[in-house]
Amino acid sequence: MSERGFYKSSLKSVALIGNYLPRRCGIATFTSDLLRGLSLEAPDTSFWAIAMNDIPEGYPYPSEVRFEVRQRELIDYTLASDFLNMNNVDIVNLQHEYGIFGGDCGSNIINLLSNLRMPVVTTLHTVLEQPSDEQKEVLISIAKLSNRLVVMSEHAKEILKKVFGIPYEKIVMIHHGIPDVPFVDPNYYKDQFGVEGRRVILTFGLLSPNKGIEYMIDAMPEIVKRFPDCVYIILGATHPHVKKEHGESYRIFLQRKARELGVENHLIFHNRFVELKELCEFLGAADIYVTPYLNKQQIVSGTLAYSLGAGKAVISTPYWYAEEMLADGRGRIVSFRDSKALAENVINLFSNEVERHSMRKRAYIYCRNMIWKEVSRRYLDVFEEVRSEMEGKAKPVFKTKTLEKTLFDLPQPKLDHLLRLTDDVGILQHAKYIIPDRFHGYCTDDNARALIAVLMAQEFVAEEDLLIELMCKYLSFLHYAFNEKNGRFRNFMNYERKWLDEKGSDDSYARAIWALGATVGLSKFENIAGYALTLFKKSLSAALEFKYYHPISFSIIGIQEYLKRFGGDSEARRARELLASKLKELYHIHSSDDWQWVSDKVTWGSGKVAQALIMAGQWIPDNEMMEIGLKILEWLMKHQTDNVNKYFAPVGNNGWFEKNSVKARFDQQPIEALSMIEACREAYNVTREEKWISFARLCIEWFLGRNDANAPLYDYITGGCCDGLMASGINQNQGAESTLCWLISLFNMRKMLNLQIKSKADEKVEVLTQAG
């Protein structure tokens, strides 16, 4: 303690990572409040924030936010770690919640933590007793990369020990911080909210269906019958993510319920996000605070902490945090979904003023060590402790990464040309330069590719509404393309919306299966996945008749995407094995020591064969099949690399590559670069060998100008891709196939590089584990 009464800290700079106001969520409020509290207690230390953005444009942050990370952009996590290292930060405090970081279960944050050279203290806002395998893996990795884990309840400590195997000595319990407000009579604030002389029940927080507010509304008729002056205030805007997906349906449902029960005059909705000062005044006006939440496993609740700290009489359902905080007479616990018990306890507390005020006082006194001043000092103690522990250890040397070792800067996904080619029917096949060519109409091939592209975009593009609209268009096209009479997909439709065939090629049929399987496996929206599921099941049986390697490969990949979601589907598993065995048989028929292929001619999209064999071999499992796929891919790499200049030179379609002959150099097509990138991603996923990353990089750079023409096919201005590389130069038309091949290549490359970085982070975690 210094002479001025401030905390005497040895730390020069501390960075907090998390959401930050004015982003509207509980973690943003917590991070902002904690940073403010730390700054007040240790003014000689610089406290600042790295903010997570869930929208591309970010938010109008205050000056204490010095760096922003786009949630879906893994490269931003790498840059953030570099920024922290170069700014010589003493301590990093991470606010962890799975949903605020990109990657599977928020795994992107592991990349940031694994590159830091300073101690890390992680505050856990969610601790799950029954995590998925992925959630468990992510949290264990974060724990190994953190010097301390801060939890906000004793129950969370027990879960971390029992479920995640984290030792107690690494865990610190620090209460959720609360504002320091006086213990006042609720009547003091009621007049400013128009409820003077009324009994006030309050629930506040971002509105979402898991809040259980409908059960409190069901309790209101009984309460109003006994206390006609009672009013229930529901304070808070609808959660932004809930509003985006469901609009105000939950709020409307609550309001309709109140009218049906005849208590609409006893409910007040304040549909807004309130600042701290106004929130404290609302809390001050409440006689009883209610949290009727439905999730037993809620390990912390800022709203409950705030209400107890304001000295409110609290009634709650028995979620974990409430059971702990309301023990010893600090509140009342009622069963989940029990409106009768809610009514009885509210009536009882309103009828017993002595008990209600005693409960208020017990809660208020208990929470004095939870005010931000005390919580901030506890954090500062932990920061000093881990800093002291690190001083005796060798400090990692920070080196700026060379271009070869870091994630090279891929172009940002740009859907402009995709949208230009798409109308209310689907995506048009061709373009003259960048102008959509209506004379050639539409095809199932390209609408299937387009559906795959927007499914993959979910991980990298924030415009969710746009992606949903595009998925619906392309999926609707595939549905209309399915000919119920013969059980096949049509392929070509003219601009007048008339089908030009009754049965398309096997290739187009198989691409549709691929897209439908991918929709089931990748779509975040149940109604879209469900729509695709029905069509996928209808189309699967015909795929078993395929004889040629392209449709067989597409079908295997589509089935595998489907099985990611429904891995127990025996019919799909049998279909995958049957089709994969056909590819394996083709390989044994046509291959030799110097010809590692499934036919006597290599044509377009050859990487799909390797991808399908590696994928099927891994999951059937069949090690021989997987090894064949890797051999084919290695052979294709060898024959499609310019050995002098070391760039990708795919087989050209002006003659292809026949056995005992020389491969055609031109015309080179984007579809070959895409198929090789997809195969390399699958190979890296299985082997973790860096050569697959290196070759995939050559393929993506082919689009960007590292090719025979030394000219880019990708157009940074339009977001489109030129149709091919000819002996005379670039074909300037930017049709659907080439543009979609570029987009899917870009998304695959990003996913592969994300996986590479995660693997590096896992290696560091493993080293730390072995070091004890």
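Refer to the structure above for everything that follows.
### Description of the overall build of the protein chain
- Scanning the protein chain from N- to C-terminus turns up 27 helices and 22 strands.
- Its C-alpha atoms give the protein chain a radius of gyration of 30 Å, within 12% of the compact-globule value 28 Å for 772 residues.
- Taken over the C-alpha atoms alone, the protein chain extends approximately 95 × 65 × 45 Å along its principal axes.
- Just so you have it, the protein chain exposes about 31,500 Å², and 50% of that area is on carbon and sulfur atoms.
- Across the protein chain, the 93 positively charged side chains and the 99 negatively charged ones have centroids separated by 2 Å.

### Digging into the packing of aromatic side chains
- Across all of its chains, the model carries 35 aromatic pairs by this definition.
- Aromatic side chains Y714 and Y716 sit 4.9 Å apart centroid to centroid with 65° between the ring planes, which places their arrangement in the edge-to-face category.
- What makes Y714 buried here is its relative accessible area of 4%.
- By the ring-pair criterion, three or more aromatic residues cluster together here, those being F648, F695, W702, F703, Y714, Y716 and W742.
- When the ring centre of F350 is taken as reference, the NZ or CZ atom of R199 above it lies at 5.5 Å.

### Describing the nonpolar core
- Counting 126 residues, the largest nonpolar core has L418, L451, L583, W597, I632 and L633 as the members making the most contacts within it.
- Ranked by size, the runner-up nonpolar core spans 115 residues in total, among them Y20, M52, L113 and L283.

### Describing the packing of helix 13 (residues 339–351) against helix 14 (residues 353–366)
- Viewed as axis vectors pointing N to C, helix 13 and helix 14 meet at an angle of 100°, and their least axial separation amounts to 5 Å. The orientation of helix 13 relative to helix 14 falls into the category roughly perpendicular. Where helix 13 abuts helix 14, its residues L349, F350 and S351 lie against E353, E355, R356 and M359.
- In terms of residue class, the contact of helix 13 with helix 14 is built from 3 nonpolar, 1 polar and 3 charged.

### Structural notes on unusual backbone geometry
- A cis amide bond links L21 to the next residue, P22, at an omega of 20°.
- Residue position: P22 is located in the loop between strand 1 (13–18) and helix 1 (26–41).
- With omega at 0°, the peptide bond leading from F666 into D667 counts as cis.
- Looking at the secondary structure, you find D667 in the loop between strand 20 (657–658) and helix 25 (670–687).
- Phi is positive for R497, which is not a glycine, with a value near 65°.
- With respect to the helices and strands, R497 occurs in the loop between strand 18 (492–493) and helix 19 (506–522).
- The residue N710 is not glycine, and still its phi comes out positive at about 50°.
- Counting through the fold element by element, N710 comes out in the loop between helix 26 (690–704) and strand 21 (724–726).

### A few points about the sheet that holds strand 14 (residues 428–432)
- The strand order across the open sheet formed by 3 strands is 14-15-18, and the pairing between neighbours is antiparallel. The open sheet has two edge strands with one neighbour each: strand 14 and strand 18.
- Here 4 bridges tie strand 14 to strand 15 (residues 435–443), and the two strands are oriented antiparallel to one another. Bridge assignment links L428 to a residue of strand 15, and that residue is Y442.

### A closer look at the packing of helix 17 (residues 444–457) against helix 18 (residues 464–481)
- The geometry of helix 17 relative to helix 18 is characterised by a closest axis approach of 9 Å and an angle of 150° between their N-to-C directions. As the angle between them shows, helix 17 and helix 18 are arranged roughly antiparallel. For the element pair helix 17 and helix 18, the recorded crossing hand is left-handed. On helix 18, the residues that touch T444, N447, A448, A450, L451, V454, L455 and A457 of helix 17 are L467, L470, M471, Y474, L475, F477, L478 and A481.
- Taken together, the residues that form the contact of helix 17 with helix 18 break down as 14 nonpolar, 2 polar and no charged.

### Here we look at the sheet that holds strand 8 (residues 199–204)
- Here we have 6 strands laid out as an open sheet, ordered 10-9-8-11-12-13, and parallel in their pairing. The open sheet has two edge strands, strand 10 (267–270) and strand 13 (332–333), and neither has a second partner.
- Sheet strands in contact with helix 14 are strand 11 (288–291), strand 12 (313–316) and strand 13, and its direction is about 90° off that of strand 12.

### Remarks on the pattern of salt bridges
- Taken as a whole and judged by the stated rule, the model has 42 salt bridges.
- The closest approach of N and O atoms between E323 and K296, which form a salt bridge, is 3.0 Å. On the criterion of sequence distance, the pair formed by E323 in helix 12 (residues 320–325) and K296 in the loop between strand 11 and helix 11 (302–309) is long-range, its members being 27 residues apart.
- Where K473 meets E469, a salt bridge forms, and the shortest distance between an N and an O atom there is 3.7 Å. One end of the pair is K473 and the other is E469, both in helix 18 and 4 residues apart, which spans about a single turn.
- The partly exposed category is assigned to K473, whose relative accessible area is 22%.
- A relative accessible area of 44% places E469 in the partly exposed class.
- Within the structure, one salt-bridge network assembled from shared partners comprises E41, K373 and R377.

### Let's talk about the side chain of R330
- Checked against the element boundaries, R330 lands in the loop between helix 12 and strand 13.
- What makes R330 buried here is its relative accessible area of 8%.

### Description of the environment of P119
- For P119, the position within the fold is in the loop between helix 3 (108–114) and strand 5 (120–124).
- In this structure P119 comes out as buried when scored by relative accessible area, which is 5%.
- Residues P119 and F383, spaced 264 residues apart in sequence, show a C-alpha to C-alpha distance of 8.4 Å.
- Sequence-distant contacts of P119, defined by excluding residues within four places in its chain, comprise D90, I91, V92, N147, V386, R387 and M390.

About the criteria used
Sequence order sets the numbering: in each chain, residues are counted from 1 along the sequence as written. The predicted nature of this model means local features are confined to residues of pLDDT at least 70 and side-chain atom pairs, given and counted, to a pLDDT of 80 or more, with totals for whole chains, interfaces and linings taken over all residues. The basis for every side-chain value is the complete set of heavy atoms in the structure, and neither hydrogens nor water enter the calculation. Helix and strand definitions here come from DSSP, where helices need a minimum of 4 consecutive H or I residues and strands a minimum of 2 consecutive E residues; each element is numbered from the N-terminal end. Put simply, the radius of gyration uses C-alpha atoms, and a globule should come to 2.2 Å times the residue count raised to 0.38. Using the Shrake-Rupley algorithm and a 1.4 Å probe, accessible areas are obtained, with residue cover drawn only from the displayed protein chains. Note on charges: Lys and Arg go in the positive column, Asp and Glu in the negative column, and His and the chain ends are not counted at all. In plain terms, the charge of a residue is placed at NZ if it is Lys, CZ if Arg, CG if Asp and CD if Glu. Ring pairs shown here join Phe, Tyr and Trp side chains whose ring centres sit within 6.5 Å, with only the six-membered ring taken for Trp; geometry is labelled stacked below 30 degrees between planes, edge-to-face above 60, and tilted in between. Buried residues are those whose accessible area, probed at 1.4 Å on protein chains only, stays under 20% of the maximum for their type, while exposed residues exceed 50% and partly exposed ones sit between those limits. Distance and angle both matter: a charge sits over a ring if NZ of Lys or CZ of Arg is within 6 Å of the ring centre and within 35 degrees of the ring normal. Grouping buried Ala, Val, Leu, Ile, Met, Phe, Trp, Tyr and Cys residues that are joined through side-chain atoms within 4.5 Å yields what is termed a nonpolar core. Axes, fitted as lines to C-alpha atoms, cover a helix only where it is in contact. Angles between the N-to-C directions of the axes lie from 0 to 180 degrees. Should an angle fall under 35 degrees it is taken as roughly parallel, and over 145 as roughly antiparallel, whereas 65 to 115 is taken as roughly perpendicular and any remaining angle as oblique. It only takes one pair of heavy atoms within 4.5 Å for two residues to be counted as in contact. All residues other than Ala, Val, Leu, Ile, Met, Phe, Trp, Tyr, Cys, Pro, Asp, Glu, Lys and Arg, Gly among them, are scored as polar; the first ten of these are nonpolar and the last four charged. Pairs of strands are assigned from DSSP output, requiring at least two bridges between the strands. For a crossing to be left-handed, the near helix must be turned anticlockwise from the far one by less than a right angle; the clockwise case is right-handed. Salt bridge, as used here: a side-chain nitrogen of Lys or Arg that lies within 4 Å of a carboxyl oxygen of Asp or Glu.

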